[in-house]
Each structure stands twice: as C-alpha cells, then as structure tokens.
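Examination of the molecular architecture
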Amino acid sequence: MQPRERRAAEEEGRRRQHQRSRGDESDSQRSSGALGRLPSNRAKAGELMEPAGLSLGLVAALMVALSVLVGGVDPRAGTAAEELPDGKHHKLEMDQAVLTVYNKLSNELVVSWLSDNCYQCKFQNLGNVPSEKVGEHQQKQPGKSTFAISTKHAVTIQLNMTVEVCRVHGSFGELGHYSLRETKANRSDANGSVNYKIFMDKEPINNNLPILYAFLAYLGLVIFVCLGQFLKGLSPVKNLLSRLSNQVEMERLINSELGSPIRVADSTGPSNLVPGHNAGSRRLRSLDTLRGFALVIMIFVNYGGGRYWFFKHESWNGLTVADLVFPWFVFIMGTSIALSLNSALQVHRSKWKLLVKVAWRTAALILLGIFIINPNYCKGPLSWDTLRIPGVLQRLGLTYGVVAVLEVLCGKGYPESLGLDNWWSPARDILLYWPQWIVILLLECVWLCLTFLLPVPGCPRGYLGPGGIGDFGQFANCTGGAAGYIDRMVFGEKHIYQHPSCTMLYKTTVPFDPENLLGLINSIVMAFLGLQAGKIFLIYKGQHKPILLRFLFWSILLGVISAFLTKCSRDHGFIPVNKNLWSFSYVTTLSCFAYMLLLLIYSVVDIKKYWTGTPFYYPGMNSILVYVGHEVFEHYFPFRWKMLNDHSHGEHLAQNLLATTIWIFISYVLYKKKIFWKI
C-alpha cells in the first residue's frame, strides 16, 4: 500500500472510529454540550458581571452528568442477561437482586416473601423449589430455584411445605447474588424443623454512588461561585471589571443609533425590580426562595428522581422526599394570598372586583390542569372517555379559591394597628380573624365525619388503609376508604388516577386519586396555615424577633399535634401521616416543617442577607410557568432522551438532574428578561 493510500486508510479508520464513539455517546452528553455553549463569548460583557452566576447552571448539570455516567455506575448495572446459578439467563431490573434457594428436603418447598414496608400484608408467592433428588453415582443433589428479589426494603422469606418450615429476615443489595441454604436440620419426620441462612455469593453494587457524585459536583459549583464572588469583591478585580464595563458601554453607545445613557440610570432597571434590593419593595425574597425550592424538588421527583425509591411517593403511610414538596407549595400559596390581598384591601378596592379576580384565577388553574396537563394527550386532544378530572393544578385552583375568598371577606387592610391596647393583643394574629378560624374548624369537622362515619359498601367505617393485600387481604377493594369511594361516585372510576403509588406494593386493583375530593379539605387547611404565616408578617411588620418566635411556636404546636395523632409511629397512630389521603396528621406534620423552613430561610435571606436565595429564587418567581412547562415538555428532548442503559440509576439521575437544571436556567433567563406569567 502506498504511503498516501495508507494515510487515507488510517484517516478513514479514525473517522469511522470517531463516528462510532459519537454514536455511543448518550444524548445527555450531546445536549449538555449544546446547552453548555449558551453563555459563550457572544454574550454581552455586562452579563458576565451578574452576581448570581446562574449561567453556570448548565455547566453544573454537565459536570453531574459526566461524573454520574463515568464514575458513578457499576459496570454490571443494567447489563445484558446474567448467568444465574440455575443456568438460566435473566435480566435484572433496578432494585433487584438474585436469590437462589436450595432444598435438601424430600418434599417440594414453596417460597414466599413479604416486604417490611408492607403493613399487615399477606405473604406473596415467589415460586417453588423442587425436592432433593438422587443424581449420578447415587449422590444426592439438592433441588434449587432462582428468583429475583426486591432490594428497596428488608424482606422476610417464608419457606413452606404442608406447614411452615422457617422464616428468614434479611436485606439485599442491588444486583447482588444471594443463596438461601440449610444450616441445620432435624428430619425425624417429614415436617422436621429446618434452619436456613442467607449467604452472599456475589457482591452487590453501591447504587447510591451517583447521588454522592452529583452532590460533590454541585458542591464544587457552589464553592466555585462563592470563590468568584470573593474575588470580585477585591479592589483590583473591581477596578478591572469597572473599566471593562465602561469600555463596553461606551462602544455600545457609539454603535447605537439611538444610544442614550438614560437607560443606565433608569429607576426601573433590574436592581430596582429585584425584591430586597429596593428599599420600598414589600416582597419577601424568602417566600419566593421557599416556593422555588419546593418547585425544583417537585420537578426532580416528577421527572423520576433517578428511579430511587426514596425520591418517589410513599406507597401508603409515611413520608419520602417526594411527599414533602406539594404541601409546601400549598403553604407558600397561602402566605402569598395574605400579602397580595392585603395591598388591595389597604387601598379599599371593591371586594366584588376582588372576588371576580379570585374566581378567574381559580377557573384558569382548573382549566390548565384539565386541558393542558392531560396525561392522556397521546390518545387525542382531550380523550374525554378517560380524562382525569382531579389533579395538582385543579387542587391548587380550588384551594386558592376558598382561602382567597375567606381573606377577601374577612381580611384587614391594616392589621398591624388593630387590637394593640387590648389584653388579647399577643394573640391578635388569630383573634382578629376568628370568623376564618370557625370556617376552617368546621371544614375539618366535615373531613373527620366523612372519613370516619361515612358508610362505604364492603368496607369498615373509618377505614384508612390501602386495600389490596394490606390488612391481610380482608378489604381488597377498599383503597382509601371514604376518600376513594367519594371520588368513584362523583367522577367515576375512569376519570380518576389509575395507578396510585400503592399499586405495586399492596397489589391494589381499584383506581384511587391522590388529589381526591375529600383531601381538598385538608389542602385548604394547609393553605390556611400558610395564610396565618402571612398574617404574622403583616401584623409584626419589620419586627423580626416576634415573627421568628411565632414561627417557632406554630412549628412546635403543629409538631406536638402530629406526635399525638400518629403516636410517633408510621402505622399505629390514630391518624397516620398519609399523602394519598392528605390526612390531617400529614397537614400538621408538613406545616410544622414549613414553618421551620420559613423561619430559617427568612432569617438567612431577608434578615441577615447571608444568601440571596439563588438559584431557587428564580423558579419561585415564575412558578406556574415552570410547573406547566415541565409537565408539557416532560417527554421532549432535552428533558428526556433514549438512554444507553435504561436500568442504571446513574443515567436516570443524570437525565433528571439535567432536566431540572435546565428549568432553573430557563427561569433565570425569564427573570432577566422580566417575563413573569401571572394568572
């Protein structure tokens, strides 16, 4: 081969190899690279001096994606079918391990399992293990069978023949190989006692490493931004940036046909539109920060949360990360209602006009939820026959409507000046609004009566369980008790959520909607507790210590109520904490957390000003747009793409973090462009 031909062949080989390597790259890397070029050298020099540093958000996502995909995933995760001890090939799902059960008994074994997270459940059948048999050379060979077992929670394995042989309790790691073997036997009869023990045959992977790498990547970004802010505070750097800014501004004015320095000194510039930067602004930055914090976590868990079980909604009783955010969003909505309507009441705006505005916003949220965020959009524009009527925005709209009407009718324009000379002055944030409290208490009585006294066909009164195999399978079709029954009667089974979070664990078959009609009552209570926080801000305006003390008082009081209702347990209380039902203890528990979070964020952001609320402040300023956008574009690139390894927590985590970070970046751009979608 001639040198030129050889070089051409080598070049062609390198080109093909490059194409193959690019083809093997995930869409995550391609999208990250494309979006990472947004803050390029074409950006205005003035934008490079923004204090927030949010243009680095996509760089953070790229760092997370690369760290997770390269170093955070065990090579075995989601690989091709594995060779199991029984000689068969199986492809394990995420959160599964291999369990091989050996049987040296003369009778066939029946293997069942039960998750520790399944309260009062029946054992579920895994399969059978054949009896011991005689092989070649008259050698006895134990029977064996191999099963895939869940690794999310500890489980109990039960072995049965005609009677129960033994039970073994243990935990399993993802993609690990385990065996259940006999350790000691007494076979004086066919039903002799047998002891079994779990042995590890192959180490599991550490599926939490991607979370660690993601945390370190974001922590590194925070340190980098803080270091940048520190350097910008140094006098030499300040002078350099000032000279560069002046030079760029001069060039802009020279090149502009209508250039004028008036725009620079405009009192409506960005610094005066940012709450907290303007002395006359009454907007609390901490509220938008907490709202944005809840919204960001909501987006992350809605996109999948890396397919980790603790980033998904709890199956029934109890709390996970995903169960925290929606109530906080409702709580902050209540606080915002108090602050926004107070301004209208101070200028004596017509209550009729305010009620019309409230009705419009309520209707707009409900219609957005029903017609825009429609889970059946792939079946057609509306899909009336299976259209889900309850939903998140519908719940928000109705909650907003009730609480806002209460505030319009009973609110005070200048509550800080009322009741100062009365003996009940320390409790005026409650007593000034006693009609509202009476309405809320009556609503809660309605919830208690319907929940515990309404007769539900085929179910015991006051049933709060998941149905299915829960409660030992006695009430299989009673999922949600009165809450589920009311929804099925009002909306019909086809128009409520078909796959509740209890389906997988409790094997339920009855549709149940977590945004159920009965739970709306406690959602209103949650928003009203947030309204109470807003009243505290108004009555004790500018008095930081009384505000913080009252937040602490409400947090402790609600925590004590929760402890009493739940008996400090998950399943054994009078009213367990349950997101699906929006139980009263769920509301008091999450309100306790919300008051404490608001106390901390208000102290750090609005009082001490140690933190500006970045980056959560930006999605908090555009919450409806970001929420609707993330729902509508969930299945579109760059928020989702086909992954190389669909059974990898690492790739799912990278995809979900990147999608969430993109929405933060979008909200930042909208903020800088002064684009706010208000209903």
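We now turn to the structure provided with this report.

Cut-offs used in this document
Residues numbered from 1 in each chain as written. Predicted model: local features only at pLDDT ≥ 70, side-chain atom pairs only at ≥ 80, totals over all residues. Heavy atoms only, no water. Helix = DSSP H or I, 4+ residues; strand = E, 2+ residues; numbered from the N terminus. Buried < 20%, exposed > 50% of the residue type's maximum accessible area, 1.4 Å probe, protein only. Contact = heavy atoms within 4.5 Å. Lys, Arg positive; Asp, Glu negative; His and termini not counted. Salt bridge = Lys/Arg side-chain N within 4 Å of Asp/Glu carboxyl O. Pairing = 2+ DSSP bridges. Core = buried A, V, L, I, M, F, W, Y, C linked by side-chain atoms within 4.5 Å. Axes fitted to C-alpha atoms, helices over the stretch in contact; angles between N-to-C directions. Parallel < 35°, antiparallel > 145°, perpendicular 65-115°, else oblique. Left-handed = near helix turned anticlockwise from the far one by under 90°. Nonpolar A, V, L, I, M, F, W, Y, C, P; charged D, E, K, R; others polar. Expected span 1.5 Å × (residues − 1). Disulfide = S-S within 2.5 Å. Patch = residues over 30% accessible without salt bridge, like charges linked within 9 Å, V, L, I, M, F, W, Y side chains within 5 Å. Areas by Shrake-Rupley, 256 points an atom, 1.4 Å probe, with all protein chains shown as cover. Phe/Tyr/Trp six-rings, centres within 6.5 Å; stacked < 30°, edge-to-face > 60°. Lys NZ or Arg CZ within 6 Å of the ring centre and 35° of its normal. Bend = angle between axes of the 7 residues up to and from the residue. Polar contact = N/O pair within 3.5 Å; in protein donor to acceptor, adjacent residues only side chain to side chain.

**Some words on the overall build of the chain**
Counting its secondary structure elements, the chain contains 20 helices and twelve strands. Per-residue burial for the chain yields a buried fraction of 47% across its 679 residues. The long-range fraction of contacts in the chain, counting pairs at least 24 apart against all pairs at least 6 apart in sequence, stands at 72%.

**A look at the side chain of Arg488**
Considering the arrangement of structural elements, one finds Arg488 in helix α13 (residues 482–490). No salt bridge is formed by the buried Arg488. Its closest oppositely charged neighbour is Glu493, at 4.5 Å.

**Overview of the pattern of salt bridges**
Applying the stated criterion across every chain yields a total of eight salt bridges. Residues Arg167 and Glu164 are paired through a salt bridge, measuring 3.1 Å at the closest nitrogen-oxygen approach. Taking the relative accessible area as the measure of exposure, Glu164 reaches 39% and is therefore partly exposed. The salt bridge involving Lys535 is made with Glu407; its shortest N-O contact spans 2.9 Å. Linking Lys535 in helix α15 (residues 519–539) with Glu407 in helix α10 (residues 392–410), this pair joins segments that are 128 residues apart in sequence. An identical accessibility class is assigned to Lys535 and Glu407; each is buried.

**Let's talk about the pairing of strand β4 (residues 109–115)**
The element β4 is largely enclosed, with a buried count of six among its seven residues. Pairing of β4 with strand β5 (residues 124–129), which is carried by five bridges, proceeds in the antiparallel orientation. What sits directly across from Trp113, in β5, is Gln124. One ladder, built from six bridges, connects β4 with strand β9 (residues 155–160); its direction is antiparallel. Note on β9: the bridge partner recorded for Leu114 is Thr156.

**Quick look at the nonpolar core**
Ranked by internal contacts, the top residues of the largest apolar core, which has 91 residues, are Val330, Phe331, Ile337, Leu393, Phe537, Phe551 and Leu598. With near-sequence residues (within four places) excluded, Ile337 lies in contact with Tyr400, Val403, Ala404, Glu407 and Leu531.

**Focus: the packing of α15 against helix α17 (residues 584–607)**
As a packed pair, α15 and α17 sit with axes 10 Å apart at the nearest point and diverge in direction by 25°. Judged by the angle between their axes, α15 and α17 are roughly parallel. Once α15 is placed against α17, the crossing between them reads as right-handed. Across the interface between the two elements, Asn522, Val525, Met526, Leu529, Gln532, Ala533 and Phe537 from α15 touch Phe584, Val587, Leu590, Ser591, Tyr595, Leu598 and Tyr602 from α17. In terms of residue class, the contact of α15 with α17 is made up of eleven nonpolar, three polar and no charged.

**Description of unusual backbone geometry**
The omega torsion across Thr614 and Pro615 is 0°, close enough to zero to call that bond cis. Within the secondary structure, Pro615 is located in the loop between α17 and α18 (617–621). If you check the backbone angles, Lys507 has positive phi at about 55° while not being a glycine. Mapping Lys507 onto the fold places it in the loop between α14 (503–506) and α15. The exposure class of Lys507 is partly exposed, given its relative accessible area of 40%. At Trp582, a residue that is not glycine, the phi angle is positive and equals roughly 50°. Relative to the helices and strands, Trp582 is located in the loop between α16 (544–566) and α17. Look at Trp582 and you get buried, because its relative accessible area is 0%.

**Side note on helix α8 (residues 325–346)**
Taking 1.5 Å of rise per residue, the 22 residues of α8 would be expected to cover 32 Å, and the 32 Å separating its terminal C-alpha atoms lies within 8% of that figure. Among the 22 residues that make up α8, 19 are buried, leaving the element largely enclosed by the rest of the structure. Once α8 finishes, His348 follows within two positions and takes phi at roughly 60°, a positive value.

**Examining the state of the cysteines**
Tallied over the full model, the rule gives two disulfides. Here Cys118 connects covalently by a disulfide to Cys121, the sulfurs 1.9 Å from one another. Between Cys118 and Cys121 the disulfide shows an S-S torsion of about -75°. By sign, it is left-handed. Of the two residues, Cys118 and Cys121, neither departs from the other in class, the shared state being buried.

**Examining a nonpolar patch on the surface**
Taken together, Leu367, Phe371, Ile372, Trp384, Val632, Phe633 and Tyr636 make up a surface patch of nonpolar side chains, about 680 Å² in accessible area. By relative accessible area, Trp384 is classed as exposed at 52%.

**Here we look at the sheet that holds β4**
Strand order in the open sheet made by the four strands is β5-β4-β9-β10, with antiparallel pairing throughout. Looking at which strands have only one partner, the edges of the open sheet turn out to be β5 and β10 (164–170). Averaged over all pairs of adjacent strands, the angle between their axes in this sheet comes to 20°, without regard to strand direction.

**Quick word on the packing of aromatic side chains**
A complete count under the given rule lists 32 aromatic pairs for this structure. Ring plane angle 10° and centroid distance 5.9 Å describe the contact between Trp437 and Trp554, whose orientation is recorded as stacked. One end of the pair, Trp437, is in helix α12 (residues 434–453); the other, Trp554, is in helix α16, and 117 residues separate them in sequence. Accessibility assignment for this pair places Trp437 and Trp554 in one class, buried. In textbook terms, an aromatic cluster arises when at least three aromatic residues are bridged by ring pairs, as seen for Phe331, Trp437, Phe528, Phe537, Phe551, Phe553, Trp554, Tyr595 and Tyr602. Taking the ring centre of Tyr617 as reference, the NZ or CZ of Arg285 above it sits at 3.7 Å.

**So, α17**
For the α-helix, the turn length of 3.6 residues means that residues three or four positions removed from each other point alike. With 24 residues, α17 should reach 34 Å at 1.5 Å per residue; the first-to-last C-alpha distance of 32 Å fits that figure. Helix geometry: α17 is bent most strongly at Ile601, by close to 25°. Among the 24 residues that make up α17, 18 are buried, leaving the element largely enclosed by the rest of the structure. Downstream of α17 by a residue or two, Lys609 has a phi angle that is positive, lying close to 55°.

**As for the side chain of Thr100**
Structurally, Thr100 can be placed in strand β3 (residues 96–103). Of note is the side chain of Thr100, whose polar atom sits 3.2 Å from the side chain of Thr146.

In short, geometric facts, not functional conclusions.
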